[in-house]
Amino acid sequence: MGGRPMIEVKTRRVMLETEHDNQKWLVFEGYVDGVPAVTKRTTIAVTALVQRPELLESAKTKLVADVAEYHANYLLLQSMGNI
Amino acid sequence: MAEMQGIIRPPRVPSAELLTDRDYERLFRQLNEQFKYDADQRRVIVSALMTVADRTGTDISSILAMLTDDGRAVDQRFLPQVSAGNVLSLQNVNPLVASSDATNATISIAAHTLQYGFGTVAYSSGTILGLLPSTDYYVYADDPNYAGGAVTYLATTVRPTLTANNGRYFVGTILTAISANTAAIIGATSANPIVFQTGTSHGWTTSDSVTMSALPGDFGTNLNGNSYPITVTDATHFSIAVNGTAYAAYTTGGLATRVSTATAGPAGGGGGWVDDR
């Protein structure tokens, strides 16, 4: 049976240096294990989340989609011998 | 001769006795042997520091005070100046783009590369959400080790924040786009120019650009999907420079959405020059 194995894009919260900044910004990182080149971070202003809590899920969904796209491009370039 | 390693300690003597000449002789012989043993390392280091001290007139302890334990400069006064208009680094592209929806603005940072005097540092793309429309932001990231990659991009409206951390990379400035709001159309004139009436106060300004959609009849056929600069008549009326005298009378329906254009600001750079805005 052929086909490419499913690549799992994971997300994790990134903590900032100060508690003040962590109260102000929510930072998420989308990544694929073993492929740091396709990692991307999204920063969300907490004040906006208070008004629009739905922003969090939409942001995470887009982050996962972006990283998945980057990974697909990465694999394509790798198969062409460009990396 | 046996190899000498480790710290040279003063000879042990009872507190009531003084060191003899022989003790001093032995101590200095150990010190000399230690330097010989480590000749290819420490003598080179001492020599280099002596050379710098002789050349600059700065003593060795002052030179060492300019370095952190991991060999990095304590602050930018220890850095060389790149002779390019006093700019310490340049981006290969301006990575900033902004857009807005009805409530919030988003700044997108494209993947880009910084050219320094020592080489390049590549940064991954990123996004900052939940910002205010129509606002000047300074975008930055902290990267004290020049590592690049996926950094956390932040935005501030306070300029001094850009230099509040020695490891801070100033990405650039950008004015976020105006909010994109949609108004329902409840009337339109078959005239030149066409005057539209909105169901609620649109809050727009003359020269804003709006995209028409869902308009009926001739209005829809000719205008739907197109964007036009508007002239505001009052809070619920605006016109577009289109001749609608041949259009059949307006019936019902339609939407007008103010276009929220992305605006890219001046580039920043690792050395950081803050554009005057």
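Here's a quick rundown of the structure. (Residues numbered from 1 in each chain as written. Chains lettered and ligands numbered in written order. Predicted model: local features only at pLDDT ≥ 70, side-chain atom pairs only at ≥ 80, totals over all residues. Heavy atoms only, no water.)

## Looking at the overall build of chain B
Heads up, the condition is: Numbering of helices and strands runs from the N terminus, with a helix taken as a DSSP run of H or I at least four residues long and a strand as a DSSP run of E at least two residues long. Relative accessibility decides the category of a residue: with a 1.4 Å probe and only protein chains considered, values under 20% of the type maximum give buried, values over 50% give exposed, and everything between is partly exposed. In this description, contact between two residues means that some pair of their heavy atoms is separated by no more than 4.5 Å. Per-residue accessibility takes into account occlusion by the displayed protein chains alone, with areas from the Shrake-Rupley method and a 1.4 Å probe.
Helix and strand content of chain B: four helices and 16 strands. Looking at chain B residue by residue over its 277 residues, the buried ones come to 35%. A fraction of 63% describes how many contacts in chain B between residues 6 or more apart in sequence connect residues 24 or more apart. For chain B, the computed accessible surface area is about 15,500 Å², with 54% contributed by carbon and sulfur atoms.

## What about the overall build of chain A?
For chain A, the helix and strand inventory stands at three helices and three strands. If you list the helices and strands of chain A from N to C, you get β-α-β-β-α-α. When the 83 residues of chain A are sorted by exposure, 39% land in the buried category. Contacts spanning at least 24 positions in sequence make up 33% of the contacts within chain A whose residues lie at least 6 apart. Of the roughly 5,400 Å² that chain A leaves accessible, carbon and sulfur atoms contribute 57%.

## Here's the deal with the sheet that holds strand 2 (residues 96-100) of chain B
Keep this limit in mind: Here, strands pair whenever DSSP counts at least two bridges between them. Angular values range over 0 to 180 degrees, each being the angle between N-to-C directions of two axes fitted as lines to C-alpha atoms, with helices fitted over their stretch in contact.
Here six strands make up an open sheet; going across it, the order is 1(A)-2(A)-3(A)-6(B)-3(B)-2(B) and the pairing mixed. For this open sheet the edge positions go to strand 1 (10-14) of chain A together with strand 2 of chain B, each flanked by a neighbour on one side alone. Each neighbouring strand pair of the sheet contributes to a mean axis angle of 20°, computed without reference to strand direction. The pairing of strand 1 of chain A with strand 2 (residues 25-31) of chain A spans five bridges and is classified as antiparallel. Residue pairing in the sheet places Arg12 of chain A in a bridge with Glu29 of chain A of strand 2 of chain A. The strands touched by helix 3 (residues 54-79) of chain A within the sheet are strand 1, strand 2 and strand 3 (40-45) of chain A together with strand 6 (126-131) of chain B, with strand 3 of chain A carrying the most contacts at an inclination of about 165°.

## As for the packing of aromatic side chains
Which entries qualify depends on this criterion: Pairs were defined over the aromatic rings of Phe, Tyr and Trp, the Trp ring being its six-membered one, requiring ring centres within 6.5 Å. Orientation was assigned from the angle between planes: stacked under 30 degrees, edge-to-face over 60, tilted for the rest. A positively charged side chain is recorded as over a ring if its NZ (Lys) or CZ (Arg) lies within 6 Å of the ring centre. The angle to the ring normal must also be within 35 degrees.
For the structure shown, the criterion picks out seven aromatic pairs over all chains. Between Phe196 of chain B and Phe219 of chain B, the ring centres sit 6.4 Å apart and the planes meet at 70°, which makes this aromatic pair edge-to-face. Remark: Phe219 of chain B occurs in helix 4 (residues 217-223) and Phe196 of chain B occurs in strand 11 (residues 194-198); sequence separation between them is 23 residues. Like Phe196 of chain B, the residue Phe219 of chain B is buried in the burial classification. Each residue in the set Phe196, Trp204, Phe219, Phe238, Tyr247 and Tyr250 of chain B is aromatic and connected to the rest through ring pairs, giving one cluster. Across from the ring centre of Tyr31 of chain A, 4.0 Å away, lies the NZ or CZ of Arg12 of chain A, which sits over that ring.

## Observations regarding the pairing of strand 7 (residues 136-142) of chain B
Residues and elements named next belong to chain B. Buried residues dominate strand 7, accounting for five of its seven residues. Judged from the seven bridges that link them, strand 7 and strand 9 (residues 168-175) form a sheet pairing that is antiparallel. Looking across to strand 9, one finds that Tyr138 is bridged to Thr173. As judged from the three bridges shared by strand 7 and strand 8 (residues 154-156), these two strands associate in the antiparallel manner. Residue pairing in the sheet places Tyr140 in a bridge with Leu154 of strand 8.

## Remarks on the layout of surface pockets
For clarity, the cut-off: Grid points spaced at 1 Å and placed over the protein atoms alone form the basis of the search, with a cavity being a set where a 1.4 Å probe fits but cannot get out and a pocket an open set showing protein on both sides within 12 Å along at least five of seven lines. Lining residues have an atom within 4 Å of a point. Grid points are joined across faces, edges and corners, and a volume is the space filled by probe spheres set on the points. Throughout, the ten residues Ala, Val, Leu, Ile, Met, Phe, Trp, Tyr, Cys and Pro are labelled nonpolar, Asp, Glu, Lys and Arg are labelled charged, and all others, Gly among them, are labelled polar.
What the second largest pocket holds in volume is close to 400 Å³. Every residue lining the second largest pocket is counted, 23 residues in all, and those nearest its centre are Leu16 and Asp21 of chain A together with Asp142, Leu154 and Arg168 of chain B. Of all the elements in the fold, those that place two or more residues in the lining of the second largest pocket are helix 1 (19-24) of chain A together with strand 7 and strand 8 of chain B. Looking at the lining of the second largest pocket residue by residue, the classes come out as 11 nonpolar, six polar and six charged.

## Considering the environment of Pro133 of chain B
All names here are of chain B. Within the element layout of this structure, Pro133 appears in the loop between strand 6 and strand 7. In sequence terms Pro133 and Ser100 are 33 residues apart; their C-alpha atoms lie 6.2 Å from each other. Non-local contacts of Pro133, meaning those with residues more than four positions away in its chain, are made with Ser100, Thr103, Asn104, Ala105, Thr176, Ala177, Ile178 and Ser179.

## A short note on a nonpolar patch on the surface
Applied cut-off: Distance thresholds for patches are 9 Å for like charges and 5 Å for nonpolar side chains (Val, Leu, Ile, Met, Phe, Trp, Tyr), applied to residues having over 30% relative accessible area and no salt bridge. Think of a salt bridge as a Lys or Arg side-chain nitrogen and an Asp or Glu carboxyl oxygen that are within 4 Å of each other.
Side chains of Leu76, Leu77 and Met80 of chain A sit close together on the surface and give an oily, nonpolar patch of about 290 Å² of accessible area. As for its position among the elements, Met80 of chain A is in the segment after helix 3.

## Focus: the sheet that holds strand 10 (residues 182-188) of chain B
Here we have six strands rolled up into a closed barrel, ordered 10-11-14-13-12-15 (chain B), and antiparallel in their pairing. Taken over all neighbouring pairs, the strand axes of this sheet differ in orientation by 45° on average, direction set aside.

## A few points about the pairing of strand 2 of chain B
Regular strands place their side chains on alternate faces of the sheet. Residues and elements named next belong to chain B. Burial along strand 2 is one-sided: the face carrying Leu96, Ala98 and Ser100 is buried and the face carrying Val97 and Ser99 is not. Sheet topology places strand 2 next to strand 3 (residues 105-109); five bridges connect them, and they run antiparallel. Its bridge partner lying in strand 3, Ser99 is registered against Thr106. Connecting the antiparallel pair strand 2 and strand 3 is a turn made up of four residues.

## Some thoughts on the interface of chain B and chain A
Definition in use: Under this definition, polar contacts are N or O atom pairs within 3.5 Å; protein pairs additionally need one hydrogen-donor-capable and one acceptor-capable atom, and for neighbouring residues in sequence, both atoms have to be side-chain atoms.
Each partner contributes residues to the interface: chain B has 18 residues there, and chain A has 18 residues. Counting every contact that joins chain B to chain A gives zero salt bridges. Where chain B packs against chain A, one counts 10 residue pairs in polar contact (both at pLDDT 80 or more). The greatest single-element share of the side of chain B that touches chain A, amounting to six residues, is contributed by strand 6 of chain B. Split by residue class, the side of chain B that touches chain A holds eight nonpolar, nine polar and one charged.

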